[in-house]
Amino acid sequence: MLGEVLQWQYPADQVLSRWMRARPKLGARDRAEVTEAVFNVLRHLRRYRNLAESGVGPAARRLAILGLNATLTPEALRPGLEDDEQAWLEHIRRIDLGALPRAVRESLPDWLDERLGELPDSDALIAALNQPAPLDIRVNPLKTTREAVLAAFSSGPAARHAPVATPYSPWGIRFEGRPAVTRWPAFEKGEIEVQDEGSQILVSLMAPRRGEMIIDYCAGAGGKTLLLGALMRSTGRLYAFDVSQARLARAKPRFARSGLSNIVPVVISDTGDQRVRRLRGKAHRVLVDAPCTGLGTLRRNPDLKWRQHPDSVAEFVALQQRILAEAATCVAPEGRLVYATCSLLPEENQQQVEAFLQENPQFELLDAAAIAAERCPGLAEAGPYLQLRPDRHGTDGFFAAVLQRRKEGGV
Ligand SMILES: C[S@@+](CC[C@H](N)C(=O)[O-])C[C@H]1O[C@@H](n2cnc3c(N)ncnc32)[C@H](O)[C@@H]1O
């Protein structure tokens, strides 16, 4: 299976879940151990390939041994190893990793090491991106409160994962380990959803009001739509647009569980969609949660460092520019446009916004960091953009800008 993951044809989580489905008899603990070891290999692939040069036997097995070495105790691993493999592993354990160049030690392709190296505090950022992420959930404010959910989680299976309130989002709860939240009654009742705290904070930038007409332009499987709809108290109209029928189809059961009745899912075409045209100048707020390299989510998707490359960055930049321009046409005078990515690269983020503002002087930049702090009081960041990072905020890496359309004739 590791061999298949390393061909990069499909995202690692897809290959893993297919592999698991084909082995229904595998116990929960074995599943967890395999998943952890595979993700560990993806996180540290370049370092492990370097270390594995000295080993014996098939290359994929040597990588797997290194992944298991990092995730199991030596006693648990020993019975599965040949004597020469054990001797090799003992040699590896003595190697001083500090002597390796950063790109090898932290397992980044050269181009990405260079790009991330240009960001402030890059060593801390890169190290944090290599740590596994905790699991965050979001409480559905339409159905319950965070206090009530935390009280219910103080016993039962949730309590074993030490639930705590997230530091910034007023709707978030963070767990240790990998609780099976989607099997819990609170999930089935639509009281909770899985969502990184950073995503929750981004939605707060929309500051939606009751009765408004709002568009979630790249709604995908509806993660942000759900919180937007709840903050609108299920009033007004919330369009969930996406070009992907499959993604919107995955959103529908989530919408049903949430109890929201203000969401209108619409599959739109890539450019020049009639329904988009009909909404020209009408929306109070538009969210563009743009398709991006996802490099801010390496904690959860470490395979992205190997699946992305400079050409794919350029393709995303062009796509984001096109989507932003189309989505902006829907914004009403004095309406708000939020542009967000889960990338850390300036060309997908601030440079994209700067280019948009050059072309569209009818929009002005608001202070996203200050707007986020209104709903998420602990978040005291310098604006005008909101930039979240795993080393500073414990969230995935996110970028967001808030743009406001000036009054008619106000340019
Ligand atoms: C970052 S994901 C959205 C995630 C989602 N907002 C959430 O919170 O779960 C970006 C989405 O943009 C969609 N997309 C790609 N091209 C698009 C286009 N031209 N117009 C609208 N959506 C597009 C993709 O299908 C993908 O679902």
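Per chain, residues are indexed from 1 in the order of the written sequence. Selection of residues for local features in this predicted model requires a pLDDT of at least 70, selection of side-chain atom pairs for listing and counting requires 80 or more, and totals for whole chains, interfaces and linings are taken over all residues.

A. Up close: the site of the ligand. Put plainly, near means the residue's C-beta atom, positioned from the backbone, lies within 6 Å of the molecule or strand in question. Close to the ligand lie 18 residues, the nearest being Cys218, Gly220, Gly223, Ser244 and Asp289. For the purposes of this entry, the term helix denotes a DSSP run of H or I that reaches at least four residues, the term strand denotes a run of E that reaches at least two, and both are numbered from the N terminus. When contributions to the shell around the ligand are tallied by element, the ones reaching two or more residues are α14 (223–231) and β6 (237–242). Any residue that is not Ala, Val, Leu, Ile, Met, Phe, Trp, Tyr, Cys, Pro, Asp, Glu, Lys or Arg is counted as polar, Gly included; the first ten are nonpolar and the last four charged. Residue composition of the shell around the ligand, by class: 9 nonpolar, 4 polar and 5 charged.

B. Looking closely at the UniProt feature "domain: SAM-dependent MTase RsmB/NOP-type" (unreviewed entry) in the protein. Per the UniProt record, "domain: SAM-dependent MTase RsmB/NOP-type" (unreviewed entry) is annotated on residues 125–406. Secondary structure within residues 125–406 divides into 34% helix and 22% strand; the distance between the first and last C-alpha atoms comes to 36 Å. UniProt positions are given in the numbering used here, feature names are shortened, and annotations may be inferred rather than shown by experiment.

C. Here's a closer look at helix α20 (residues 368–375). Counting other C-beta atoms within 10 Å of its own, a residue is labelled buried from 20 upward, exposed at 12 or fewer, and partly exposed in the gap between, with every C-beta atom placed from the backbone. Residues of α20 that are buried include every one of Ala368, Ile371 and Ala372, and no others. Down the axis of α20, the sector holding all buried residues measures 100°, keeping them to one side. Looking at the buried residues of α20, the elements they touch are α13 (197–204), β10 (363–366), β11 (386–388) and β12 (398–405). The arc refers to the directions leading from the helix axis to the C-beta atoms. Once C-beta atoms have been placed from the backbone, residue pairs whose C-beta atoms lie within 7 Å are recorded as contacts.

D. Molecular detail of the packing of helix α3 (residues 28–43) against helix α5 (residues 59–71). All axes are obtained by fitting lines to C-alpha atoms, using only the stretch in contact for helices, and the reported angles, taken between N-to-C directions, cover 0 to 180 degrees. Running from amino to carboxyl end, α3 crosses α5 at an angle of 110°, the nearest separation of the two axes being 8 Å. By the angle between their directions, the pair α3 and α5 is classed as roughly perpendicular. The two elements α3 and α5 cross, and the hand of that crossing is right-handed. Counted together, Glu33, Glu36, Ala37, Val38, Asn40 and Val41 of α3 and Leu63, Ala64, Leu66, Gly67, Leu68, Ala70 and Thr71 of α5 form the full contact between these two elements. Considering only residue class, the contact of α3 with α5 consists of 8 nonpolar, 3 polar and 2 charged. The cut-offs work like this: below 35 degrees is roughly parallel, past 145 is roughly antiparallel, 65 to 115 is roughly perpendicular, and the gaps in between are oblique. Working rule for handedness: look at the near helix, and if it is turned counterclockwise from the far one by less than a right angle, call the crossing left-handed; if clockwise, right-handed.

E. Main features of the nonpolar core. Linking buried Ala, Val, Leu, Ile, Met, Phe, Trp, Tyr and Cys residues through C-beta atoms within 7 Å yields a set, and such a set is a nonpolar core. Leu205, Val286, Val288, Leu337, Val338, Tyr339 and Ala400 are the most contacted members of the largest nonpolar core, which totals 70 residues. Those residues within four positions of Val338 in sequence are excluded, and the remaining contacts are Leu205, Met206, Leu287, Val288, Ala400 and Val402. One finds Leu2, Val5, Leu63 and Trp88 within the second-largest nonpolar core, a separate group that totals 23 residues.

F. Representation of the pairing of β6 in the model. Burial analysis of β6 places 5 of its 6 residues in the buried class, which makes it a mostly covered element. Strands were regarded as paired on the criterion that DSSP finds at least two bridges between them. Here strand β5 (residues 213–216) pairs with β6 via 4 bridges, running parallel. Across the sheet, Ile214 pairs through a bridge with Leu238, a residue of β6. Place the viewer so that the strands point away; then a crossover is right-handed whenever the path from the first strand over the helix to the second strand goes clockwise. Read from β5 through α14 to β6, the crossover connection turns out right-handed. Relative to strand β7 (residues 263–267), β6 runs parallel, the two being bridged by 5 bridges. When the bridges of β7 are listed, Asp242 appears paired with Val267. Taken together, β6, helix α15 (residues 245–258) and β7 constitute a β-α-β crossover, and its handedness is right-handed.

G. Layout of the sheet that holds strand β2 (residues 164–165). Strand order in the open sheet formed by 4 strands is β2-β3-β1-β4, with antiparallel pairing between adjacent strands. The open sheet has two edge strands, β2 and β4 (192–194), and neither has a second partner. As paired strands, strand β1 (residues 135–139) and β4 are joined by 3 bridges and run antiparallel to one another. Counted as the bridge partner of Val139 is Ile192 from β4.

H. Main features of the UniProt feature "binding site: S-adenosyl-L-methionine" (unreviewed entry) in the protein. According to UniProt, the "binding site: S-adenosyl-L-methionine" (unreviewed entry) feature falls on Asp242, Asp270 and Asp289. Following the sequence through the fold, Asp242 ends up in strand β6. For Asp242, a count of 24 C-beta atoms within 10 Å corresponds to the buried category. Among all residues touching Asp242, those that are not within four sequence positions of it are Cys218, Ala219, Gly220, Arg247, Leu248 and Val267. Looking at the secondary structure, you find Asp289 in strand β8 (residues 283–289). The residues contacting Asp289, other than those within four sequence positions of it, are Cys218, Lys224 and Ala340.

I. Region of the structure containing the environment of Thr297. Examined against the element boundaries, Thr297 turns out to sit in the loop between β8 and α17 (304–307). On the basis of neighbour counts, which here come to 23 C-beta atoms within 10 Å, the residue Thr297 falls in the buried class. Look past the residues within four positions of Thr297 in its chain and what remains in contact with it is Leu304, Cys342 and Asp396.

J. Inspection of the pairing of strand β3 (residues 172–175) at higher detail. Where β1 and β3 come together, 4 bridges link them in antiparallel fashion. The partner of Leu135 across the bridge, within β3, is Phe175. In this sheet, β3 lies alongside β2 in antiparallel orientation, the contact comprising 2 bridges. Opposite Val164, over in β3, you have Arg174 as the bridge partner.

K. Representation of the environment of Val353. The topology assignment puts Val353 in helix α19 (residues 350–359). Owing to 21 C-beta atoms within 10 Å, Val353 belongs among the buried residues under this scheme. Residues Val353 and Tyr339, 14 residues apart in the sequence, show an inter-C-alpha distance of 7.9 Å.

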